[in-house]
Amino acid sequence: MRSIIDITDLSVSELDELILTAKDIIKNPDKYSEACKGKKLATLFFEPSTRTRLSFEAAMLELGGSVIGFSEANSSSAAKGESIADTAKIISCYADIMAMRHPKEGAPAVAAENADIPVINAGDGGHCHPTQTLADLLTISAEVGRLDNMTVGFCGDLKYGRTVHSLIAALARYKGIKLVLISPPELKIPSYIKYEVIEKYGMEYVESESLEDSLPTLDVLYMTRIQKERFADLFEYERLKDVYILTEEKMALAKPEAIVLHPLPRVNEISVKVDRDPRACYFKQAKYGKYMRMALILKLLDEAKKNPEREPMKLDGAIINKLVCKNQKCISTCEQELDQIFKIADKENGICRCIWCEAKQKL
Ligand code: NCD
């Protein structure tokens, strides 16, 4: 049995296989309409969501399964102080698979360590959002026709935008991807993505503050919302919130065959007028998300059937309960008696990472 916490939990061949399944579902929906008959998906959403939760639920219903769950923390026993570990154990009694969104980074990883059913991370704080990446990959594959040899621009909140972090981690494993990272200095990509993903995989990249200058070079433009809820200082959010707005005039600078993606929700970073441009693919992207979630549910339930045991965490070389995670958004700051576990990331420079939230710490 396997959970999907990070996009790199799936190999490139598995990503390709999921894309193929999703394309087959689009062509032959009837073939899959009873594939999950008798199975239940639990959606545990401790943070707001429209697309992710409803597309997960629609995905399970279209596979012939059923859905239980909650859409806000206050309507669950989390409001009474129940831990993630206990919640995961309880949900395992009622459902066959669960999708969890949580504001604390690493919460779905803690759930996966305690559940007897597969756990899917549906977004944890500013950390990662692997199933949005599945939607993004299918959109690029279907609309551009390939997943390699292209220039992808990410624009907006690259610091807190978890969808950006996960998509870059996925693209790092495809050949010939060039990145253009467009953000104000305050919202640059986190250093762990820059050094441990982009540079480690030898991806070509440039950082820029100008959307206009970057647009003519891009095959894919990935716009993002400035993540208001993750700012410690709301004055800073106010100062940065309108920094990039994609308009029809700016679209005139883009390649005729380029595509524009956005995980949505949009606030004002893409003018509504851009929606009628055939290069605007963000509504299609939301639809593709449902098909990829169908493919993922099928795969994880199939694996769980063949191998119902949870794989133990690989802890060789880990530092256990000797350091405390300093990331205030880490699940370890509030989960009762959770082991503090760090893995060595860079031995030479004495750097390790919390296994729950991936925050860096010096030894
Ligand atoms: C994104 C998220 O929740 O991270 N939305 C989504 O899942 N489609 C992006 C965002 O909230 O800006």
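Above: the structure in question.
First things first, this report covers the structure right here in the doc.

Rules and cut-offs
- Residues numbered from 1 in each chain as written.
- Predicted model: local features only at pLDDT ≥ 70, side-chain atom pairs only at ≥ 80, totals over all residues.
- Heavy atoms only, no water.
- Salt bridge = Lys/Arg side-chain N within 4 Å of Asp/Glu carboxyl O.
- Helix = DSSP H or I, 4+ residues; strand = E, 2+ residues; numbered from the N terminus.
- Pairing = 2+ DSSP bridges.
- Axes fitted to C-alpha atoms, helices over the stretch in contact; angles between N-to-C directions.
- Contact = heavy atoms within 4.5 Å.
- 1 Å grid on protein atoms, 1.4 Å probe; cavity = no way out; pocket = protein on both sides within 12 Å on 5 of 7 lines; lining within 4 Å.
- Points joined across faces, edges and corners; volume = space filled by probe spheres on them.
- Nonpolar A, V, L, I, M, F, W, Y, C, P; charged D, E, K, R; others polar.
- Near = heavy atom within 4 Å.
- Areas by Shrake-Rupley, 256 points an atom, 1.4 Å probe, with all protein chains shown as cover.

## Quick notes on the pattern of salt bridges
Taken as a whole and judged by the stated rule, the model has 25 salt bridges. Here D24 makes a salt bridge to K31, at a shortest N to O gap of 2.5 Å. Between E212 and K250 there is a salt bridge, with its nearest N and O atoms 3.8 Å apart. Remark: K250 occurs in helix 11 (residues 248-251) and E212 occurs in helix 9 (residues 211-214); sequence separation between them is 38 residues. One network of salt bridges, with partners in common, ties together R2, E14, E17, K299 and E303.

## Brief notes about the sheet that holds strand 7 (residues 204-208)
Overall, parallel pairing links the 5 strands, which are arranged 7-6-5-8-9 in an open sheet. Edge positions in the sheet fall to strand 7 and strand 9 (259-261), since each of these pairs with one other strand and no more. Pairs of neighbouring strands in the sheet enclose a mean axial angle of 20°, with direction left out of account. As paired elements, strand 5 (residues 150-155) and strand 8 (residues 220-223) share 4 bridges and run parallel to each other. Opposite F154, over in strand 8, you have Y222 as the bridge partner. Here helix 7 (residues 162-171) sits on the sheet and contacts strand 5, strand 6 (177-182) and strand 8; the angle it forms with strand 5, its principal contact strand, is near 165°.

## Focus: empty space enclosed by the protein
Counted according to the given criterion, the structure contains 1 cavity of 30 Å³ or more. Of the voids in this model, the largest cavity is the one considered here, and its volume is about 60 Å³. If you trace the largest cavity, you find it lined by R51, T52, Q132, A135, H262, P263, L264, Y282, Q285, A286, G289 and R293. For the lining of the largest cavity, the secondary structure elements donating two or more residues are helix 3 (51-62), helix 6 (130-144) and helix 12 (282-306). Take the lining of the largest cavity: its biggest share by element is 5 residues, from helix 12. For the lining of the largest cavity, the class distribution of residues is 5 nonpolar, 5 polar and 2 charged.

## Some points on the site of the ligand
Around the ligand, a shell composed of R51, T52, R101, H129, Q132, R162, T163, R225, Q227, P263, L264 and P265 is seen. Alone, the ligand offers 320 Å² of accessible surface; in the complex the protein occludes 94% of this. Contributing elements (two or more residues each) for the shell around the ligand: helix 3 and helix 7. The residue makeup of the shell around the ligand, split by class, is 3 nonpolar, 5 polar and 4 charged.

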